[in-house]
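Residues per chain, in single letters:
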Amino acid sequence: MFPWNMFPFNKDMKDSMSKMKPDQIENFVQDLMGKVMPGNMRGMMNPQEMFTGSQSSPPQQQTTGILNSTAFETHDFVFVRIPIKNDEWVRQLRIYHTSNQLIVEHIPQPEDKHTITLPAIVKKKGASANYKDSMLEVKIPKNVDMQFSQIDVTEII
């Protein structure tokens, strides 16, 4: 259960918070998080990193690996663009995907295998790949999985 009694939610909270300096607020929040987090989780993350990560917006695209690929998502699709240096690579490459990864094999060498993490969960069917102007573009439809399960509430008298 969450320790709600540790938070200073009262009438004077707004006044006391408005009088605090930014570094005092940061120390207050870090102290509070240290009390709320279980002891076994404290070593897993640095509180400084936790708060700095939330201040910056996540990048819309990610560049990965030796292939210099770029993966990004739109409302309906996930796109992966891979620059192809040699036209012969297009004939020898093999592309596979799972629900969250794209696997590219046989480029640049026949024994090479590259795994690209996709920015969203994708469907099993409907993927396509196009090659034009030394750029391979893989287009995979996103899987919008909004499965809801209703839970009946029984009244105990």
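Residues numbered from 1 in each chain as written. Predicted model: local features only at pLDDT ≥ 70, side-chain atom pairs only at ≥ 80, totals over all residues. Heavy atoms only, no water.

### A short note on the pairing of strand S2 (residues 69-73)
Then step 1. Among the 5 residues in S2, 4 count as buried, and that is most of the element.
Then step 2. Summarising the sheet, S2 and strand S3 (residues 77-83) pair through 4 bridges and their orientation is antiparallel. If you follow Ala-71 over to S3, its bridge partner there is Val-80.
Then step 3. Hairpin connection from S2 to S3: 3 residues lie between these consecutive antiparallel strands. (Buried < 20%, exposed > 50% of the residue type's maximum accessible area, 1.4 Å probe, protein only. Helix = DSSP H or I, 4+ residues; strand = E, 2+ residues; numbered from the N terminus. Pairing = 2+ DSSP bridges.)

### Considerations on the confidence of the model for the chain
Then step 1. Summing up the model confidence of the chain, the mean pLDDT is 78 and the portion of residues at 70 or higher is 69%.
Then step 2. Mean pLDDT per element in the chain: helix H3 (residues 47-55) is the minimum at 47, and strand S8 (residues 135-141) is the maximum at 96.
Then step 3. Low confidence marks residues 50-61, where pLDDT is under 50. Its contacts with residues over four positions away, or in another chain, come to 11 contacts. (pLDDT = per-residue confidence, 0-100. Contact = heavy atoms within 4.5 Å.)

### Brief notes about the packing of aromatic side chains
Then step 1. Following the criterion strictly, the structure yields 2 aromatic pairs and no others.
Then step 2. Ring plane angle 15 degrees and centroid distance 5.5 Å describe the contact between Phe-72 and Phe-79, whose orientation is recorded as stacked.
Then step 3. Ring geometry for Phe-77 against Phe-79: centres 6.2 Å apart, planes inclined by 55 degrees, an arrangement best described as tilted.
Then step 4. Accessibility expressed as a relative area gives 27% for Phe-77, which makes it partly exposed.
Then step 5. Residue Phe-79 is classed as buried on the basis of its relative accessible area, which comes to 13%. (Phe/Tyr/Trp six-rings, centres within 6.5 Å; stacked < 30°, edge-to-face > 60°.)

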